[in-house]
There are 2 protein chains.
Amino acid sequence: MLTNADRLARILRAEALDAVLATTPENVTYCSGFWSLSQWIRRGPQAYVLVPAEGLAAACLIAPTSTLDLAADQALWVGEIRRYGGFQIDAPDPDALSSTERRLLAILGSEDGGDAVATTVAAIRARGLERARIGVDEVGILPAYFERLKAALPEAELVPAFETFRRIRAVKTDEEIARLRRAANIAERSIEAALATMHAGVSEREMAVAFHARTVAEHAEPVLGCIGFGARSAMANVQPSDARLREGDIVRFDVGGRYRHYRADIARIATLGTAPNRVRSYYGALRDGVLRGMEMMRPGVRAAEIFAAVVETVRGAGLPHYKRSHVGHGIGIDGYDLPHLTPSSADVLEEGMVLCIETPYYELGFGGLQLENTLRITADGVESFMTLDNELIER
Amino acid sequence: MLTNADRLARILRAEALDAVLATTPENVTYCSGFWSLSQWIRRGPQAYVLVPAEGLAAACLIAPTSTLDLAADQALWVGEIRRYGGFQIDAPDPDALSSTERRLLAILGSEDGGDAVATTVAAIRARGLERARIGVDEVGILPAYFERLKAALPEAELVPAFETFRRIRAVKTDEEIARLRRAANIAERSIEAALATMHAGVSEREMAVAFHARTVAEHAEPVLGCIGFGARSAMANVQPSDARLREGDIVRFDVGGRYRHYRADIARIATLGTAPNRVRSYYGALRDGVLRGMEMMRPGVRAAEIFAAVVETVRGAGLPHYKRSHVGHGIGIDGYDLPHLTPSSADVLEEGMVLCIETPYYELGFGGLQLENTLRITADGVESFMTLDNELIER
């Protein structure tokens, strides 16, 4: 299961919430297992999960009828599904159907709630929550719908909960960890596939195609594909162009796809041929920073402390002018989960968090260097998900 | 240019708006050419475009400093860029920089607006719009930010404009048409690549890998990949599984990627070997419906009229029980643009609209059949983007 049910219950208690309503695609999938195609690829389509404090068995998925074939074909862990809106699916011979098809037919046979708001209100009333304090993930619900929800539940207290969901998601379940490890490894193998195309004259775009083709071959989806050559590697978000690789050039990869909805975000640096001295010495300093951070990580350590030590290490190891706003972040169904490794972060590491630790350095006219690893916090340290080593790749 | 500037000006006039503020990634890219990585792949990161009624030369992009390397590396058509937030990029030798790097350095040298709201307020004030009526794309702005924006501009009238942007985007520019045509053709070639793997025993997932690999090879991104075999093809949103193909099975493709941010959405049906008679006759009726719709389409025709004629044609051609909620929709930077081909639609076709026309049929226990073409409305009819023919593919 993706939902960290214990943590959800604890955080709802701590925030005095009787229920939460997930509305962004990330939180809907996280709370139910339901991946709604239209909600993930567009802005506007509405699917929600109402999770009462008593737990997921009492939870309710609210979704457009047109998407519910996916609910029948996926493994969900909510106790109820409510649908809204029409959608034509014929079933002239109900006796001849598979179990998935029968499940779908049962869902289609349930009452049409009218629209997303009316259906949500009915689900809230059915649970006796019409006077409750409910956290609403305010980022995914259409603003006009949020207003209608408030008007329909005048005695309920509806408070924003996008940040509450982020706090819940910060400690991962075993299933999430397995998906994140796999996503990270797919990204590594996609880097290897891209490196196999490395020669003088290859373009950033050609290398990106090799990268994404490997991601796709491993049943993952391309998401992040920053691949820049030479001085272009200094652009943090560099998008592959027709620029061609030359001897001695840096290749910066800041990349990762989505495997079963879970994100990867790793970085490696390669050079075509022997790396110039400055690349080597700067890279060594950045690597030492990452290794220092990984060494410090364990439950109870403050994120801000790690930030300070990582930056200090990089400065001491050969990049005295190094400055950064963060040196890492959680990762999960969203690419930037908690904790944040920033100087002002109040986050404290906990067992089961999954993080990216990174020390990017961007210098215009020279290039960008970056090492980014993904790992989980164990009872007494970290488990790195990486199979690649931490060294500069010279090919 | 992606923005239909004349239509934008006309619609702002008709809706008595002095300016619009784009906030969803689709509308930001549409109004400026700026594609902001973080905004496209996550929920939360904020980038906006303020477009005053006098036009794009007076428009302003508002974006996080950390994303503005992309603004320097992309061709934008807004007159001003305002940044907010810190981001460390070193530039020890400004004289040795390329033109892109100098552009980035100039942007980084501009004032930090503080945050998205403060920067937007400053841009609005700088244009003397603090008492204006401004349409705000309410779906992309964080709700708390929209409240702060209202509080900071007490004399302005801020009204929701997500639907206004949809009306503006409904008629495409030449650049949009070129991208949409290319996206559609990439989807067709990706279907051909998938069909090349077709044999008894291939899995839906294996065929999906072949499909997406071709999309990636053509520098497009996978988005929509509904590929279902046999009875599974009756699930409208079917996601590829380990189900394996058998002789006589239907293969339903409802698919399309994103090429330079523009979407494809086409459908074709294949069978392994000779198609069963019912598949042939039903498919023929569905195809006749699509062809009837294409025949009717020209500027001035009502969408609801097309819906009625298409459904009527399918019913008369061998599928008397055919029912549908829509038979097509516009397509652009969003997968469902205006117009909507529904029975209650008030939309009227205009030259330059790009549409998908489709007649899906889903029957549980039997399968799903669907033909979906993409085309543009010309001065006196349509230009189909399809190079594949409209027939059932038997292989």
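As the structure is a prediction and not an experimental result, all values here were calculated from the model.

Calculation notes
- Residues numbered from 1 in each chain as written.
- Chains lettered and ligands numbered in written order.
- Predicted model: local features only at pLDDT ≥ 70, side-chain atom pairs only at ≥ 80, totals over all residues.
- Heavy atoms only, no water.
- Core = buried A, V, L, I, M, F, W, Y, C linked by side-chain atoms within 4.5 Å.
- Buried < 20%, exposed > 50% of the residue type's maximum accessible area, 1.4 Å probe, protein only.
- Helix = DSSP H or I, 4+ residues; strand = E, 2+ residues; numbered from the N terminus.
- Contact = heavy atoms within 4.5 Å.
- Pairing = 2+ DSSP bridges.
- Least-squares fit on C-alpha atoms with pLDDT ≥ 70 in both.
- Salt bridge = Lys/Arg side-chain N within 4 Å of Asp/Glu carboxyl O.
- Expected span 1.5 Å × (residues − 1).
- Axes fitted to C-alpha atoms, helices over the stretch in contact; angles between N-to-C directions.
- Buried area = accessible area lost by both parts, 1.4 Å probe.
- Polar contact = N/O pair within 3.5 Å; in protein donor to acceptor, adjacent residues only side chain to side chain.
- Nonpolar A, V, L, I, M, F, W, Y, C, P; charged D, E, K, R; others polar.
- Lys, Arg positive; Asp, Glu negative; His and termini not counted.
- Arc of directions from axis to C-beta.
- Phe/Tyr/Trp six-rings, centres within 6.5 Å; stacked < 30°, edge-to-face > 60°.
- Lys NZ or Arg CZ within 6 Å of the ring centre and 35° of its normal.

Right, let's talk about the nonpolar core for a bit. Counting 81 residues, the largest nonpolar core has Phe34, Val49, Leu61, Met207, Ile227, Val251 and Phe253 of chain B as its most contacted members. When residues of this core are assigned to their parent elements, the largest contribution, nine residues, is made by helix H9 (residues 174-195) of chain B. In this structure, Met207 of chain B is in contact with Ala194, Thr197, Met198, Val202, Ile227, Phe229, Val251 and Phe253 of chain B, ignoring residues within four places of it in sequence. Ranked by size, the runner-up nonpolar core spans 80 residues in total, among them Ala59, Leu195, Val251 and Val354 of chain A.

Before going further, it helps to examine the pairing of strand S7 (residues 221-229) of chain A. Residues and elements named next belong to chain A. A large share of S7 lies buried, amounting to eight of its nine residues. Two elements, S7 and strand S8 (residues 250-259), share seven bridges in a ladder whose sense is antiparallel. When the sheet's bridge partners are listed, Ile227 is paired in S8 with Phe253.

A separate point is the relation of the copies chain B and chain A. Superposing chain B onto chain A requires a rotation of 180° together with a translation of 0.0 Å along the rotation axis, leaving an RMSD of 0.0 Å. Each copy turns onto its partner about a two-fold axis. In terms of C-alpha distance to the rotation axis, chain B has Ala213 of chain B as its closest residue, with the C-alpha 2.7 Å off the axis. When you check the interface residues of chain B against chain A, 100% turn up at the interface there too, and the contact is symmetric in its surfaces.

Moving on to the pattern of salt bridges. All names here are of chain B. In the structure shown here, the tally under the stated rule is 64 salt bridges over all chains. Residue Glu363 pairs with Arg278 through a salt bridge whose shortest N-O separation is 3.1 Å. Taken together, the residues Glu363 in strand S14 (residues 361-363) and Arg278 in helix H11 (residues 277-296) connect sequence positions 85 residues apart.

Residues and elements named next belong to chain B. The first and last C-alpha atoms of helix H12 (residues 303-316) sit 20 Å apart over 14 residues, in line with the 20 Å expected at 1.5 Å per residue. Buried residues in H12 make contact with H11, strand S12 (337-340) and strand S13 (354-358). Immediately beyond the C-terminal end of H12, within one or two residues, lies Gly318, with a positive phi of roughly 130°.

Looking now at the sheet that holds strand S1 (residues 19-22) of chain A. All names here are of chain A. Spatially, the six strands line up as an open sheet ordered S4-S3-S2-S1-S5-S6, and their pairing is mixed. In this open sheet, the two strands that pair with only one neighbour each are strand S4 (80-84) and strand S6 (157-160). Across the sheet, the mean angle separating the axes of adjacent strands is 20° when strand polarity is ignored. Pairing of strand S3 (residues 60-64) with S4 involves five bridges; the strand directions are parallel. Along S4, the bridge assignment pairs Ile62 with Arg82.

This paragraph deals with the interface of chain B and chain A. At the junction of the two partners, chain B supplies 63 residues and chain A supplies 63 residues. Summed over both partners, the interface of chain B with chain A comes to about 5400 Å²; 62% of that surface belongs to carbon and sulfur atoms. Summed over the three residues of chain B that lose the most area to chain A, namely Arg42, Arg43 and Leu364 of chain B, the buried surface amounts to 16% of that side. If you look at where chain B meets chain A, you find six salt bridges. In this structure, Asp334 of chain A and Arg42 of chain B form a salt bridge, with 2.9 Å as the shortest nitrogen-oxygen distance. Our count for the chain B to chain A interface comes out at 18 residue pairs in polar contact (both at pLDDT 80 or more). For the side of chain B that touches chain A, the leading source of residues is helix H10 (residues 204-217) of chain B, giving six residues. Within the side of chain B that touches chain A, the residues separate by chemical class into 33 nonpolar, 13 polar and 17 charged.

All names here are of chain A. Structurally, the position occupied by Thr173 is in the loop between helix H8 (162-169) and helix H9 (174-195). At 2.8 Å, the side chain of Thr173 forms a polar contact with the backbone oxygen of Met1. Apart from the residues within four sequence positions on either side, Thr173 is in contact with Met1, Leu2, Thr3 and Asn4.

Next up on the list: the side chain of Asp254 of chain A. Residue and element names in this part refer to chain A. Looking at the element boundaries, Asp254 is found in strand S8. For the buried Asp254, no salt bridge exists, and the shortest N-O distance to an oppositely charged side chain is 4.0 Å, to Arg252. A polar contact is formed between the side chain of Asp254 and the side chain of Gln370, at a distance of 3.3 Å. Other than its neighbours up to four places away in sequence, Asp254 contacts Leu224, Gly225, Cys226, Asp265, Ile266, Ala267, Gln370 and Glu372.

Turning our eyes to something else, we now look at helix H5 (residues 99-108) of chain A. By the burial criterion, the buried members of H5 of chain A are Thr100, Glu101, Leu104, Ile107 and Leu108 of chain A. Projected onto a plane normal to the axis of H5 of chain A, the buried residues spread over an arc of 120° and lie on a single side.

Within the structure shown, the criterion is met by eight aromatic pairs over all chains. Each residue in the set Tyr282, Tyr322, Tyr361 and Phe366 of chain A is aromatic and connected to the rest through ring pairs, giving one cluster. Positioned over the ring face of Phe366 of chain B is Arg278 of chain B, at 4.0 Å from the centre of the ring.

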